[in-house]
Amino acid sequence: MMSVDEVARMALALPEVIEGERHGTRTWFVGGKGFAWERPFSKADIKRFGDASPPDGPILAVRMADLDDKEALLAVGLSGFFTIPHFDGYAAVLIQLKAASKPDLQAAIVDAWLACAPPRLANEYLDSERSDEGR
């Protein structure tokens, strides 16, 4: 099972990431933009689940580049990845950490970082990844 501390290690390994707090939860920022954050369910969220039990354990929210990317990711049906009505029209998904695989979580964090990083920084990162693949 993945933990929020493991999320922190993954996020902080990316360039120019700062860990902070927003709305009382741990949030990871790049270029002043939050790209991943702990997302406990509000009372309204829980009420919307009705008779169904909400996913338990730590929940992470990650930004997506756009709504098309969000829909495409959700269509793949990765374990632990989901959305709720509160996120309708918002380019982000939720991840139940205990259900997600480490590679899927890592990829989601990197994609979220790329969606929020300043273009120069994102391009430098992608260039370094490409040169690492060539070795």
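Rules behind the numbers
Residues numbered from 1 in each chain as written. Predicted model: local features only at pLDDT ≥ 70, side-chain atom pairs only at ≥ 80, totals over all residues. Heavy atoms only, no water. Helix = DSSP H or I, 4+ residues; strand = E, 2+ residues; numbered from the N terminus. Rg over C-alpha atoms; globule rule 2.2 N^0.38 Å. Buried < 20%, exposed > 50% of the residue type's maximum accessible area, 1.4 Å probe, protein only. Pairing = 2+ DSSP bridges. Contact = heavy atoms within 4.5 Å. Axes fitted to C-alpha atoms, helices over the stretch in contact; angles between N-to-C directions. Core = buried A, V, L, I, M, F, W, Y, C linked by side-chain atoms within 4.5 Å. Polar contact = N/O pair within 3.5 Å; in protein donor to acceptor, adjacent residues only side chain to side chain. Parallel < 35°, antiparallel > 145°, perpendicular 65-115°, else oblique. Nonpolar A, V, L, I, M, F, W, Y, C, P; charged D, E, K, R; others polar.

A. Expanded view of the overall build of the chain. For the chain, the helix and strand inventory stands at 5 helices and 6 strands. If you list the helices and strands of the chain from N to C, you get α-β-β-β-α-β-α-β-β-α-α. Its C-alpha atoms give the chain a radius of gyration of 15 Å, near enough to 14 Å, the size a compact globule of 135 residues would have. Across the 135 residues that make up the chain, the buried fraction comes to 39%.

B. A look at the sheet that holds strand 1 (residues 17-22). In space, the 6 strands of this open sheet follow the order 1-2-3-4-6-5, with antiparallel pairing throughout. Looking at the sheet topology across the chains shown, the edges are occupied by strand 1 and strand 5 (81-82). One ladder, built from 4 bridges, connects strand 2 (residues 25-30) with strand 3 (residues 33-38); its direction is antiparallel. Across the sheet, the residue bridging to Val-30 is Lys-33, located in strand 3. Set on the sheet, helix 3 (residues 67-76) makes contact with strand 5 and strand 6 (92-96); between it and strand 6 the angle comes to about 30°.

C. Broad picture of the nonpolar core. Residues Trp-28, Phe-35, Leu-60, Ile-95, Leu-105, Ile-109 and Trp-113 are the most contacted members of the largest nonpolar core, which totals 33 residues. Elements that contribute at least two residues to this core include exactly helix 1 (4-12), strand 2, strand 3, strand 4 (59-63), strand 6, helix 4 (102-116) and helix 5 (119-133). A total of 7 residues in this core trace back to one element, the largest contributor, which is helix 4. Once residues lying within four places of it in the same chain are set aside, the contact partners of Trp-113 are Leu-14, Pro-15, Val-17, Val-30, Phe-35, Leu-121, Ala-122 and Tyr-125. Of all hydrophobic cores here, the second largest spans 9 residues; its members include Phe-41, Ile-59, Phe-82 and Ala-92.

D. Up close: the environment of Ala-112. When you line up the elements, Ala-112 lands in helix 4. The exposure class assigned to Ala-112 is buried, which follows from its relative accessible area of 0%. Linking Ala-112 and Leu-12, residues 100 residues apart in sequence, is a C-alpha distance of 13 Å. Every residue in contact with Ala-112, bar those within four places of it in the chain, is listed here: Phe-35, Val-62 and Arg-63.

E. Region of the structure containing the side chain of Asp-45. In this fold, Asp-45 is placed in helix 2 (residues 43-48). According to the relative accessible area criterion, Asp-45 is buried, its value standing at 3%. In terms of polar contacts, Asp-45 uses its side chain to reach the backbone amide nitrogen of Ser-42, at 2.9 Å. Sequence-distant contacts of Asp-45, defined by excluding residues within four places in its chain, comprise Arg-39, Pro-40, Ile-84 and His-86.

F. Structural context of the packing of helix 4 against helix 5. The N-to-C vectors of helix 4 and helix 5 enclose an angle of 140°; their axes lie 8 Å apart at closest approach. In terms of axis orientation, helix 4 runs oblique to helix 5. On helix 5, the residues that touch Val-110, Trp-113 and Leu-114 of helix 4 are Leu-121, Ala-122, Tyr-125 and Leu-126. Broken down by class, the residue content of the contact of helix 4 with helix 5 amounts to 7 nonpolar, no polar and no charged.

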